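Next come the chains, spelled out residue by residue.
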Amino acid sequence: MISAYLIHLLILIGIYLILAISLQLSVGFTGLLNLGHIAFYAIGAYISALLALAGLPFWFCFLLAGIGAMFFGFLLAISTNKLKGDYLALATLAFTFVIYAITLNWTGLTRGPLGLPGIPKPSLFGFTFSDNFSFLVLVFVIALISYLIITRITKSPFGRVLEAIRDDELATRVLGKNTFKMKSYALGISAFFAGIAGSLYAYYITFIDPSSFTLSQLIPVLAIVIIGGLASLKGTIIATIILVLLPEPLRFVGFPSSIIGPARQMIYALLLLLILIKKPRGLYGRIELE
Amino acid sequence: MSKTLQIIIGIIIIAIIVALVFVFGTGKTTEGLVKIGVLAPLTGEASQWGVPPKEGIELALELIKNRVDNKKVEVIYEDTQCDPAKGVSAVQKLINIDEVDAIIGAVCSSVTLAIAPIVEKSEVPLISPASTSPKISDAGDYVFRVVPSDALRGEVFADYIKNDVGLNKVAILYINNEGGAGNKDSFKKRFEELGGKIVAIESYAQGTKDVKTQLMKIKNQNIQAIVIVSYPADSVIILKQAQELGLSLPLYFQTEALEDPFVLEAAGESANGVIYILQADPSGREVEKFENMFEEKFNRAPALYAAEGFDAFNLIIKAIKECKAETDLSSCIKDELYTIKNYQGVSGTITFDGKGDVLKPMAIKKIIENGKKKVLMIK
Amino acid sequence: MFPQLLVNSLIAGAIYALVASGFSLIYSTCKFVHFAHGATIAFSAYFLYFLFSDLGLSFGLSVIFTIIFASLLGWLMDKVVYKKLRQRKASKVILLMTSFALLIFFESLILMLFGADVKTIGYVKIARGFDFLGAIITPLQIVIIAVSLVLLVLLYFFMKRTKIGKAMRAVADNKEVAEVVGISAENIYSWAFIVGSAIAGIAAILVGLEQNLEPMMGTNLMIKGFTGAIIGGIGSVPGAVLGSFLLGFAENFGIWFLPSGYKDAIAFAILFIFLLFRHQGILGIGRNSK
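What comes next is a walk through the structure.

Conventions adopted
Residues numbered from 1 in each chain as written. Chains lettered and ligands numbered in written order. Predicted model: local features only at pLDDT ≥ 70, side-chain atom pairs only at ≥ 80, totals over all residues. Heavy atoms only, no water. Helix = DSSP H or I, 4+ residues; strand = E, 2+ residues; numbered from the N terminus. Buried < 20%, exposed > 50% of the residue type's maximum accessible area, 1.4 Å probe, protein only. Contact = heavy atoms within 4.5 Å. Areas by Shrake-Rupley, 256 points an atom, 1.4 Å probe, with all protein chains shown as cover. Lys, Arg positive; Asp, Glu negative; His and termini not counted. Charge placed at Lys NZ, Arg CZ, Asp CG, Glu CD. Phe/Tyr/Trp six-rings, centres within 6.5 Å; stacked < 30°, edge-to-face > 60°. Axes fitted to C-alpha atoms, helices over the stretch in contact; angles between N-to-C directions. Parallel < 35°, antiparallel > 145°, perpendicular 65-115°, else oblique. Buried area = accessible area lost by both parts, 1.4 Å probe. Salt bridge = Lys/Arg side-chain N within 4 Å of Asp/Glu carboxyl O. Patch = residues over 30% accessible without salt bridge, like charges linked within 9 Å, V, L, I, M, F, W, Y side chains within 5 Å. Pairing = 2+ DSSP bridges. Right-handed = clockwise from strand over helix to strand, strands pointing away. Disulfide = S-S within 2.5 Å. Polar contact = N/O pair within 3.5 Å; in protein donor to acceptor, adjacent residues only side chain to side chain. Expected span 1.5 Å × (residues − 1).

## So, the overall build of chain B
The helix and strand inventory of chain B stands at 12 helices and 16 strands. The principal-axis extents of the C-alpha atoms in chain B amount to approximately 70 × 55 × 40 Å. Here chain B, with 379 residues, has 64% of them falling under the buried criterion. Sequence separation of at least 24 residues holds for 67% of the intrachain contacts in chain B that already meet a minimum separation of 6. A total of about 13600 Å² of accessible surface is found on chain B, and carbon and sulfur atoms cover 50% of it. If the 43 positive side-chain charges of chain B are averaged to one point and the 50 negative ones to another, these points end up 3 Å apart.

Here it is in structure tokens:
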């Protein structure tokens, strides 16, 4: 039954891939140090879960998760328009904390810390994705479409403007581009994909609560983007695979049971440090952010 | 691609291959081997109540000398960090790679709820040593627990405070996480049904170390007592700060946290006079023996949920002993667990109901002084 | 009730300030978010526990060793990890990621060495505080407030009067110019870590006595300390202290009127609002959002 375990890991890779390539769009390609990605993921998961529990069909919940997250992406982009670098990073991080606090305290809507259990399995055109293999196919197709769309965006004239903004925003503005609008689009699109990743997560795990969307969930996604290399989609894919699978071999190392938990975490952290020190520009990093 | 990178990727790939070979190599020879998986938060904020059940299991495993009947018992520990997604990864690995016969876990209700559909589908019985969410009652046939649901605890405590003590106006202070909110809800519902009045409800976030302002808000109200739902670490903080602020209201803790020796040691005198509720422990030789053996192995008293871990493990072992000729061990364990009646465990007398929930008598205890406790009532 | 609320706010603010000032000192000089500052505090608090409660050293001696230990730990983090990254010209986001990895590493190490249960240093006995202008406060809490204020004054003079302090400001203002006049930036970075981490040591002692020890205490302290530091003006040590007190006041007065579950939400909402409307913080210099 090893295949069930592998299918599970592949589903996680698929969800993380959508999350990471969309973060790559805002961080790597547009140069926006966006630490609010997990908040969009949370918004998508909650919208999707609440609608699904209300009995609405999968495609509707799924799309609305993306659109809802995109709406918040635009809001965040508009409000942080003037911020750059560290300040933008901190403001978006604060946004993550605020969304977390809302999901925890707005108990009337989200049931707060009790979470939302029993999210139904998705069904499309009368077919229910009840077993993990069919769910994997669904995730794979969505991840592939997301990847193709984001690749398309980065290679389009719009994508080149985004890269120009990253490299020199002032010069881009002088050339007559509305950089504010462009940045908002980038963040909005990025948020859309984070939202649909959140929707897939909610459908897959069937249970969500606020603790699934905290700083400790942001760290692996950010690590994927950095280790993959900024503005490299190929690197992002490889890094997603590496980072999702990284904890798995550690499960098979025979530590004594008294230290098993901390020992695995320490090795995980050390491997992360090692990669960061050896490849500070990531696997395929083309650019640097300052 | 640089050399270091190739090496890193290489190591990971090799590790995976080795792991797979290892699994395929040994996975087949399950004859004469019983595997039990353990899921608990061994790191992260929840580790304070994830490590004790693991220690209880380690002790239980040692006591049966890794064997049941003629079979060797292997225990595989996985860390969930109280994260549902990590819990799902871990349970997939336990079920599909290790092919465990039964699972003990998870500790956090969020993880237990996330993995319940998976164990249900794979037909692997699971006993949670610490998840108290009322939702778990209906999580499935294969899902058991040796701690009472929040619903039960809240009801019994509300009955006690309203009817036995005769208080009508109380305030609630609770930890704003899943356990805290669940307990608060069940207490509030029952207390109001009985005609009591909840004057104020205050909460604090997990990890908070300052509840002074919350305590002041409560102190200002016209109330007779404070009902507190807390975990070990914050119980100490609440007792300490209540003492420092000179709060003279009676404190009722709707949590077994006060049973934790660390809490009593840290809180010292500030815990005197506190009343709390927990599952009645069958005082007696077995419990004493457990405590002594635990101290001998770990050099300290068993913390909260260590006894539950110990009992969950022994229940599974007991079920396995009954399943002599069965081919499908997992579902036989499940069936045997449903027949458990009045099992004298070290965490209380255990009987499972039709939903896999434990029916345990509850005890109301009071701390007299110097950490000495007195049982006021068994309900 | 008002005096008590004021005192509660001051105590909370002082604790945040102890965390924020060291963090802010390191940020202002080295220009990156050293989240693992929380790990320095947590590990030092456990070190104090080890010396005082396990080894039975005298309290005075334990305190001195703890501060030295904290300095050393911070210095080592810089020497072994961050310096290597700077040599490889790693960007800020990599350094941020690295600090997360360090935080995970040290928290797991604490867990492995000391276990998951709550530890009490037990030097100060729990007792009712004394009345002070209509509020109740304990001697330890007075010490905490006093130390945080004294530290503010000392740091102010350290930065203005001492050679190292002046050099730190020079590097903070403009690294290139500072190097031209013969200041070794690397040396100054080391000093920033030594001094900043020594403050973390002091924070560890006081927080450890007031709040008990848990392996994850660093993250929780860091999130609030960091919020205070940014509200006050990231990169300004007096600002960090001021911002921390403001945060303490906002939280405690806020939950007096709002449900107390919103305590964290209030903190993060203020952080977000500050970043949007006054991102340089209360005392920060308006250096054109960079």
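## Re the packing of aromatic side chains
Residue and element names in this part refer to chain C. The final tally for this structure, using the stated rule, is 44 aromatic pairs over all chains. Both rings, one in Phe23 and one in Phe226, keep their centres 6.0 Å apart while their planes meet at 70°; by these two values the pair is edge-to-face. Taken as a pair, Phe23 in helix 1 (residues 2–30) and Phe226 in helix 9 (residues 217–233) lie far apart in primary sequence, 203 residues in all. The same class applies to Phe23 as to Phe226, namely buried. Measuring from centroid to centroid gives 5.3 Å for Phe105 and Phe106, while their planes differ by 85°, and the two rings are edge-to-face. Exposure remark for Phe105: the relative accessible area of 15% places this residue in the buried category.

## A short note on the packing of helix 1 of chain C against helix 6 (residues 163–173) of chain C
Residue and element names in this part refer to chain C. One can describe the packing of helix 1 onto helix 6 by two numbers: an axis separation of 7 Å at closest approach and a directional angle of 55°. Between helix 1 and helix 6, the angle falls in the class oblique. Listed contacts from helix 6 to Leu25, Ser28 and Thr29 of helix 1 are Met168, Val171 and Ala172.

## A short note on the interface of chain B and chain A
Interface size is often expressed as the accessible area that is lost when the parts come together. With 46 residues of chain B at the contact, the number on the chain A side is 44 residues. In this assembly, chain B packs against chain A so that about 3700 Å² is buried in total across both faces, 68% of it on carbon and sulfur atoms. Viewed at the interface, chain A and chain B are joined by two salt bridges. The salt bridge involving Arg264(A) is made with Glu78(B); its shortest N-O contact spans 3.0 Å. Those elements that place two or more of their residues in the side of chain B that touches chain A are helix 1 (3–27), helix 2 (51–63), strand 3 (71–79), helix 3 (84–96), helix 4 (109–122) and helix 6 (178–193) of chain B. Broken down by element, the side of chain B that touches chain A gets its largest block of residues, 11 residues, from helix 1 of chain B.

## Observations regarding a positive patch on the surface
Residue and element names in this part refer to chain C. Judged by side-chain charge, Lys160, Arg161, Lys166 and Arg169 come together as a positively charged surface patch. At the level of elements, helix 5 (139–161) and helix 6 are the ones that each hand at least two residues to the positive patch. Looking at the secondary structure, you find Arg161 in helix 5.

## So, the sheet that holds strand 15 (residues 362–367) of chain B
Residues and elements named next belong to chain B. Strands sit in the order 8-7-9-10-11-15-16 across an open sheet of seven strands; the sheet is mixed. At either end of the open sheet lies a strand with only one pairing partner, and these are strand 8 (197–204) and strand 16 (373–378). When strand polarity is set aside, the average angle formed by the axes of neighbouring strands in this sheet is 25°. With five bridges connecting them, strand 11 (residues 275–279) and strand 15 associate as antiparallel partners. Bridging across to strand 15, Ile275 finds its partner in Lys366. Of the strands in this sheet, strand 7 (169–175), strand 9 (225–229), strand 10 (251–253), strand 11, strand 15 and strand 16 are in contact with helix 5 (residues 150–165), which crosses strand 11 at around 140°. Each of strand 7, strand 8, strand 9 and strand 10 touches helix 8 (residues 232–244); the most contacted strand, strand 10, lies at about 180° to it.

## Topic: the sheet that holds strand 13 (residues 349–352) of chain B
Residues and elements named next belong to chain B. An order of 12-13-14 is seen for the three strands of this open sheet, with the pairing classed as antiparallel. The outermost strands of the open sheet, each flanked by one partner alone, are strand 12 (343–344) and strand 14 (358–359). Here two bridges tie strand 12 to strand 13, and the two strands are oriented antiparallel to one another. In the strand pairing of strand 13, Gln344 is matched with Thr349.

## Quick look at the pairing of strand 8 of chain B
All names here are of chain B. Judged from the seven bridges that link them, strand 7 and strand 8 form a sheet pairing that is parallel. Bridge pairing links Leu173 to Glu202 in strand 8. Since strand 7 and strand 8 lie parallel, the crossover through helix 6 that links them has a hand, and here it is right-handed.

## Describing the state of the cysteines
All names here are of chain B. Applying the stated criterion to the full structure yields two disulfides over all chains. With a sulfur-sulfur separation of 1.9 Å, Cys82 is cross-linked through a disulfide to Cys108. Classification of the bridge connecting Cys82 and Cys108 rests on its S-S torsion, roughly -120°, and on that basis the disulfide is left-handed. Here Cys82, found in the loop between strand 3 and helix 3, pairs with Cys108, found in the loop between strand 4 (102–104) and helix 4; they are 26 residues apart in sequence, far enough to count as distant. In this model Cys323 forms its disulfide with Cys332; the gap between the sulfur atoms is 2.0 Å.

## Points about the side chain of Thr43(B)
Within the secondary structure layout, Thr43(B) lies in the loop between strand 1 (33–40) and helix 2. A distance of 2.7 Å separates a polar atom in the side chain of Thr43(B) from a polar atom in the side chain of Asp79(B). The residues contacting Thr43(B), other than those within four sequence positions of it, are Gly261(A), Pro262(A), Gln265(A), Asp79(B), Gln81(B) and Leu111(C).

## Some points on the interface of chain C and chain B
Opposite the 36 residues of chain C that make contact, chain B presents 36 residues. The contact between chain C and chain B buries some 3200 Å² in all, and 53% of this surface belongs to carbon and sulfur atoms. Where chain C packs against chain B, one counts three salt bridges. Here Glu210(C) makes a salt bridge to Lys240(B), at a shortest N to O gap of 3.5 Å. The interface formed by chain C and chain B contains 15 residue pairs in polar contact (both at pLDDT 80 or more). Elements that contribute at least two residues to the side of chain C that touches chain B include exactly helix 1, helix 8 (185–211), helix 10 (237–257) and helix 11 (263–277) of chain C.

## Some thoughts on the pairing of strand 3 of chain B
Residues and elements named next belong to chain B. Bridge analysis of strand 1 against strand 3 gives eight bridges, and the strand direction is parallel. Counterpart to Gly37 in the pairing with strand 3 is Ile76. Where strand 2 (residues 67–68) meets strand 3, two bridges bridge the pair, whose relative direction is antiparallel. The residue bridging Arg67 from the neighbouring strand is Lys72, located in strand 3. In this structure, the hairpin formed by strand 2 and strand 3 is closed by a connection of two residues, where Asp69 is found at a positive phi of approximately 50°.

## Comments concerning helix 6 of chain B
Residue and element names in this part refer to chain B. Its 16 residues place the ends of helix 6 23 Å apart at the C-alpha level, agreeing with the 22 Å of an ideal helix rising 1.5 Å per residue. On its buried face, helix 6 sits against helix 4, helix 5, strand 7, strand 8 and strand 9. Its side-chain oxygen placed 3.2 Å from the backbone nitrogen of Gly179, Asn177 serves as the N-cap of helix 6. With its phi angle positive at about 95°, Gly195 sits one or two positions after the end of helix 6.

## Regarding the pattern of salt bridges
Inspection of every chain in the model, using the stated rule, returns 38 salt bridges over all chains. One salt bridge connects Glu248(A) with Arg251(A), and the closest N-O pair in it is separated by 2.8 Å. Across the salt bridge formed by Arg153(B) and Asp150(B), the nearest N and O atoms sit 3.9 Å from each other. Pair noted here: Arg153(B) and Asp150(B) are both in helix 5, with a separation of three residues, about one helical turn. For the pair formed by Arg153(B) and Asp150(B), the shared burial category is buried. Taken together, the shared-partner salt bridges connect Glu248(A), Arg251(A), Arg264(A), Glu78(B), Lys93(B) and Asp98(B) into one network.

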